[in-house]
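Survey of secondary and tertiary structure
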Amino acid sequence: MNVSDQVSTQSVYEIKHKPTSVQRSTSGSVSTSQEPDNRNEYLKYIDSASEEKLAQSIDAIKKYGPPTAMFRMEDILNSHNVEEMHGRVSRAISHFNQEAEQFHKEELAIIKHGEGEGKSAKEIMTELVALRDKQSELFKMATSWGSKNLAHPDNYDKLLEHTPDYVNVYA
């Protein structure tokens, strides 16, 4: 059984951004559609990489700490209100960083437990995918896991929901 079958396929992990069409979103900025399903690419990596490469990936997780928020500056610059979008993304990243710290602790616990039980790197990586699948919507947007990135125009309404305490002083 491959990793894709083992892990729920409800999410999309976006590693790359290759837009194929353009449309207008409700935030008044340009949106791209048909972005690649990079989560599937991540799962393909787990399925095809050697045990040694997967072990190196696990070592990198241990070494480099919590995930960081991702967004395309172009999405902010193309937004209807650049200052508001920048402010909301900054506020959301602040919330995300707190969640990322907790997530990383859980990642490390899964790795430690898996290594202690003698699980393969593939099994551990599969468990880490499942953990990431269970994270909040904000986390997924900030890491482009099952969602377009944090500043993507299609996520504007979600960004509003996650930054209710943001006051747009530029409006």
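Above this text you will find the structure in question.
The rules behind the values
- Residues numbered from 1 in each chain as written.
- Predicted model: local features only at pLDDT ≥ 70, side-chain atom pairs only at ≥ 80, totals over all residues.
- Heavy atoms only, no water.
- Patch = residues over 30% accessible without salt bridge, like charges linked within 9 Å, V, L, I, M, F, W, Y side chains within 5 Å.
- Areas by Shrake-Rupley, 256 points an atom, 1.4 Å probe, with all protein chains shown as cover.
- Salt bridge = Lys/Arg side-chain N within 4 Å of Asp/Glu carboxyl O.
- Helix = DSSP H or I, 4+ residues; strand = E, 2+ residues; numbered from the N terminus.
- Core = buried A, V, L, I, M, F, W, Y, C linked by side-chain atoms within 4.5 Å.
- Buried < 20%, exposed > 50% of the residue type's maximum accessible area, 1.4 Å probe, protein only.
- Contact = heavy atoms within 4.5 Å.

1. Some remarks on a nonpolar patch on the surface
A cluster of nonpolar residues, Phe71, Met73 and Leu77, forms a patch on the protein surface that exposes about 280 Å² of accessible area. By secondary structure assignment, the location of Met73 is in helix α4 (residues 73–77).

2. Description of the nonpolar core
Among the nonpolar cores identified, the biggest contains 32 residues, and Ile46, Val89, Met125, Leu128 and Leu150 are the most heavily contacted of them. The leading source of residues in this core is helix α5 (residues 82–116), at nine residues. Residues contacting Leu150, with those up to four places away along its chain left out, are Met70, Phe71, Val89, Ala92, Ile93, Leu138, Met141, Ala142, Asn155 and Leu159.

3. Details of the environment of Asn78
Structurally, Asn78 is set in the loop between α4 and α5. Sequence separation between Asn78 and His152 is 74 residues, and the spatial gap between their C-alpha atoms is 9.7 Å.

4. Thoughts on the environment of Asp47
Here Asp47 lies in helix α2 (residues 38–48). For Asp47, a relative accessible area of 26% corresponds to the partly exposed category. Sequence spacing of Asp47 and Thr126 is 79 residues, and the spatial spacing of their C-alpha atoms is 9.5 Å.

5. Comments concerning the pattern of salt bridges
What the rule picks out here adds up to 11 salt bridges. The shortest N-O distance in the salt bridge between Asp59 and Lys62 comes to 3.5 Å. With Asp59 and Lys62 both in helix α3 (residues 51–64) and three residues apart, the pair spans about one turn of that helix. Since its relative accessible area comes to 42%, Asp59 is described here as partly exposed. Judged by its relative accessible area of 36%, Lys62 is partly exposed. Of the charged contacts in the structure, one is a salt bridge between Arg88 and Glu84, with a shortest N-O distance of 2.9 Å. A residue pair is termed a helical-turn pair when its members lie 3 or 4 positions apart in one helix, as Arg88 and Glu84 do in helix α5 at four residues.

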